[in-house]
Amino acid sequence: MSILSLIIKREFIAKVRNKSFIVMTFLSPLLFVGIAVFVGFLASMKADLKRIAIHDEGGNFVKEFVNDEEYAYYDLSKIDLQLVKDSVLGESYEGLIYIPKTDSLSTVQNQVQFISNDSPSMDYILDVEDIIANKITDYNYEKLAIDTARINLAKADVSIVLKKASGEETVKGLNEIKLFLGGIFGYLIMMFIVIYGNFVMRSVIEEKTNRIIEIIISSVKPFQLMMGKIIGNSLAGILQFLIWTVLGLILFFIFSTVFGMQMGAGSAVSAEAVAQANPSGFVEKLPLYINEFKQLPLFTLLFSFVIYFIGGFFLYSSFYAAIGAAVDNETDSQQFLLPIILPLILGVYIGFFTVLNDPHGTVATVFSIFPLTSPIVMLMRIPFGVPWWQLVLSMISLYATFFLVVWFAAKIYRVGILMYGKKPTWKELYKWMKY
Amino acid sequence: MSNILEVRNVVKKYGDYTALNNVSLSVPKGSIYGLLGPNGAGKTSLIRIINQITMPDSGEVFLDGEKLQPHHIQHIGYLPEERGLYKSMKVGEQCLYLAQLKGLSKQEAKKQLDFWFEKLGIQGWWNKKIEELSKGMAQKVQFVVTVLHKPKLLIFDEPFSGFDPVNANIIKDEILELKKQGSTIIFSTHRMESVEELCDHIALIHKSNKLIEGKLTDVKREFRTHHFEVGILTANVEGLMYDLTQNFTVNPADFKSLNDDLKLEIGLGTANPNELLSILTQRGQVTHFVEKIPTANEIFIKTVSQN
């Protein structure tokens, strides 16, 4: 067995046998499901009923405010305004809608007040404005002798049909689906780099503090040891992801069997809701979605995921390995870690904000080729279709940088693992490269 | 006798600091070679170069007549001063791993391990983790790992530190046994009594330079001062002293003796010991007559403080 595969095997086994690995692997899916259930439970809880007082001096609007699950309205038009204001202050009511009496309803539109000690939600204020505006509009129509029924007849409801140049019909909201898909992959890579990069670093520090490092590198080249570590740890990570996928499928299966009834009922309700919200027919469009999904460059996406996963992880874990070699303990590593984590965070932000708005804009394009962010940003762009030359350029620059960084990291690593007791500075790291 | 290891004009710099300045060494096959020097002299730098952990800036190293190559690590066993093993790994697995890194097949490594574990009486440790062992026990495992692959050249950096006297003796016997089987041993230590006891060659490195190298007896001959310790029973002390001070430098001496004799240290200068002896025998009964041979410790201190 070659030296490298021996090291990979040891690193892999050491990682996988570790108690925290086992706990992480089997506990985090449960934790994930637990959090999901908890959030679902929180979301399904009813909000507290809010009491809103209405002082409508003209009495024209109060009937328009109908109680619902969140808001209960109380007509206090007959009570003195000051008293009502006091009871808002005394917090008997969340707020007070004050509509003064005017000569004509048309002139009231800018005089309505909402009095409250808390700041009301934006949505709610918009709702209240709509209610009052609708009433005034209706009044205006009447005053101008316009038949509202005819107006409703005249109103048009436009829904644009999206088509590609090839003539195939597409659907709205696709960008979100694409981003979601690319986002999952990009985010996975980032999480993996941060978690497993740290494992690589810790493993290097462990060998240093155990002082076994001198024995090992009197038998193998530091470069072999570093690569063995990176590959061994990434294999352990891939195993963990595989277990999570399998566990996820099993959990999904159990859930859908045990809670089949409830879920069935729930989905019926939501389908109804969807149908209501989208009267033009979501169900008819479903084949379009599926068709569109099939049209996504799934193969390219998966293939690129593997390429960027390996390239990105190897690139970043070389940084992590070099840092681990440079410091004596994890606390000292913080100053070096920040510059590594920054591009990762940048990648995720650019992915979620810039790519969605303009997947082929300059910013998105540049950062999908820049090697430190490309594994994240490019994966998010791929579902939107990326010219092949950009993909190739991005991959080449990623792997070229990887080889360059590994070379430098190996130099720092080689010197660093034998240095004790010194808290290194950036300047010193630079010096080590030249040893 | 041919040399198992030759270091030729090795220079190693770390930035502006010169760790080894044009150092050359020849380690004869089958010897126990003491590599001496104060802290920070450059011993560890040299050992690391021999182990190919670092590369020299210039100069060459030859192992058994061949220029040092990566595969040579299989023929070297190195016990660093700073000991360490994977704490949470089991003893057996760990030894197998380290042996395989040195190029042994799994079967061969297993065979050697069984042999050594039995020899040192540690068969029961196979499934223990290092963190469950005491420091001395871990040292034993470390020793096994160092010698397991039957290296031609063994490098021990302070091999006895951490051992109780009984175990230190066991390890010393094993080292002598390995020498008998043909291994060459480089022995870096500050404990001069073990240098005296074990080494037949020494080299002294100080401030990045090699100052002394050679057979321990040759080095001692070079450092001899021609001083003799003398014990004599005489009635006429003044007469004796007169005769002696005429020809030699005389100082009082202190050594253990069963007699109530006069103890002197006499520097011969260029004279022959027989001349001294004839004066002594004329004046009384000689009870003690020994040349003061410089100890390794004295040579070490003298050389280091002079430079």
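Please read all numbers here as calculations on a predicted model, not as lab measurements. (Residues numbered from 1 in each chain as written. Chains lettered and ligands numbered in written order. Predicted model: local features only at pLDDT ≥ 70, side-chain atom pairs only at ≥ 80, totals over all residues. Heavy atoms only, no water.)

To continue, consider the interface of chain B and chain A. Taken together, the contact pairs 27 residues of chain B with 22 residues of chain A. Buried surface at the junction of chain B and chain A, summed over both partners, amounts to about 2400 Å²; 57% is from carbon and sulfur atoms. By the criterion of area lost to chain A, the three top residues of chain B are B:Ile53, B:Tyr86 and B:Leu101, representing 27% of everything that side buries. Summed over the shared surface of chain B and chain A, the result is three salt bridges. (Contact = heavy atoms within 4.5 Å. Buried area = accessible area lost by both parts, 1.4 Å probe. Salt bridge = Lys/Arg side-chain N within 4 Å of Asp/Glu carboxyl O.)

Attention now moves to empty space enclosed by the protein. Tallied over the entire structure, the rule returns two cavities of 30 Å³ or more. Approximately 70 Å³ is the volume found for the largest cavity. Considering the residues around the largest cavity, the lining is formed by A:Ile215, A:Ser218, A:Ser219, B:Tyr78, B:Leu98, B:Lys102, B:Val145, B:Thr146 and B:His149. Grouping the amino acids of the lining of the largest cavity by side-chain chemistry returns four nonpolar, four polar and one charged. When its volume is computed, the second largest cavity comes out at roughly 40 Å³. (1 Å grid on protein atoms, 1.4 Å probe; cavity = no way out; pocket = protein on both sides within 12 Å on 5 of 7 lines; lining within 4 Å. Points joined across faces, edges and corners; volume = space filled by probe spheres on them. Nonpolar A, V, L, I, M, F, W, Y, C, P; charged D, E, K, R; others polar.)

Let us now look at the sheet that holds strand E2 (residues 17-28) of chain B. Residue and element names in this part refer to chain B. Within the open sheet, the four strands sit side by side as E2-E1-E4-E5. Their pairing is antiparallel. The sheet is open, and its two borders are formed by E2 and strand E5 (66-67), each paired with just one other strand. Summarising the sheet, strand E1 (residues 3-14) and strand E4 (residues 58-63) pair through five bridges and their orientation is antiparallel. Residue pairing across strands places valine 11 opposite serine 58, the latter belonging to E4. (Pairing = 2+ DSSP bridges. Helix = DSSP H or I, 4+ residues; strand = E, 2+ residues; numbered from the N terminus.)

The next point concerns a negative patch on the surface. Residue and element names in this part refer to chain A. A cluster of acidic residues, Asp68, Glu69, Glu70, Asp123, Asp127, Glu129 and Asp130, forms a negative patch at the surface. Its location among the elements puts aspartate 130 in helix H4 (residues 122-143). On the accessibility criterion, aspartate 130 (46% relative accessible area) is partly exposed. (Patch = residues over 30% accessible without salt bridge, like charges linked within 9 Å, V, L, I, M, F, W, Y side chains within 5 Å. Areas by Shrake-Rupley, 256 points an atom, 1.4 Å probe, with all protein chains shown as cover. Lys, Arg positive; Asp, Glu negative; His and termini not counted. Charge placed at Lys NZ, Arg CZ, Asp CG, Glu CD. Buried < 20%, exposed > 50% of the residue type's maximum accessible area, 1.4 Å probe, protein only.)

Now for the domain arrangement of chain B. Here chain B is partitioned into domain 1 (3-221) and domain 2 (226-291). Here the C-alpha centroids of domain 1 of chain B and domain 2 of chain B sit 45 Å apart. (Domains from an automatic or database assignment.)

Another point: the packing of aromatic side chains. Residue and element names in this part refer to chain A. One pass over the full model with this rule turns up 27 aromatic pairs over all chains. Here the aromatic rings of tyrosine 196 and phenylalanine 199 are separated by 5.0 Å at their centres, their planes lie at 80 degrees, and the arrangement is edge-to-face. Taken together, the residues tyrosine 196 and phenylalanine 199, both in helix H6 (residues 174-210) and three residues apart, mark about one turn of the helix. Using a relative accessible area of 2% as the deciding quantity, one classes tyrosine 196 as buried. What makes phenylalanine 199 buried here is its relative accessible area of 14%. Judged by centre distance (6.3 Å) and plane angle (80 degrees), the rings of tyrosine 399 and phenylalanine 402 are edge-to-face. (Phe/Tyr/Trp six-rings, centres within 6.5 Å; stacked < 30°, edge-to-face > 60°.)

All names here are of chain B. Looking at the element boundaries, glutamate 158 is found in the loop between strand E7 (153-157) and helix H5 (165-180). Here glutamate 158 is buried and forms no salt bridge, its nearest opposite-charge partner arginine 191 lying at an N-O distance of 5.6 Å. Here glutamate 158 is in contact with Glu81, Arg83, Ser188, Thr189 and His190, once residues within four sequence places are set aside.

All names here are of chain A. Helix H8 (residues 222-258) packs onto helix H2 (residues 19-44) with a crossing angle of 35 degrees between their chain directions and a minimal axis gap of 10 Å. Here the hand of the crossing between H2 and H8 comes out right-handed. Residue-level contacts link Phe21, Met24, Thr25, Phe26, Ser28, Pro29 and Val33 of H2 to Ala236, Leu239, Gln240, Ile243, Trp244, Leu247, Leu251 and Phe255 of H8. Grouping the constituent residues of the contact of H2 with H8 by class yields 12 nonpolar, three polar and no charged. (Axes fitted to C-alpha atoms, helices over the stretch in contact; angles between N-to-C directions. Left-handed = near helix turned anticlockwise from the far one by under 90°.)

Quick look at the environment of B:Ser208 now. All names here are of chain B. Within the secondary structure, serine 208 sits in the loop between strand E9 (201-206) and strand E10 (209-215). Taking relative accessible area as the criterion, serine 208 reaches 6% and is therefore assigned buried. In sequence terms serine 208 and isoleucine 49 are 159 residues apart; their C-alpha atoms lie 14 Å from each other. Engagement of the side chain of serine 208 in a polar contact is seen with the backbone oxygen of threonine 18, the distance being 2.8 Å. (Polar contact = N/O pair within 3.5 Å; in protein donor to acceptor, adjacent residues only side chain to side chain.)

Turning next to the environment of A:Trp244. Residues and elements named next belong to chain A. Looking at the element boundaries, tryptophan 244 is found in helix H8. Considered as a pair, tryptophan 244 and asparagine 117 are 127 residues apart in the sequence and their alpha carbons are 49 Å apart. With residues near it in sequence (within four places) discarded, tryptophan 244 still touches Met24, Thr25, Ser28 and Pro29.

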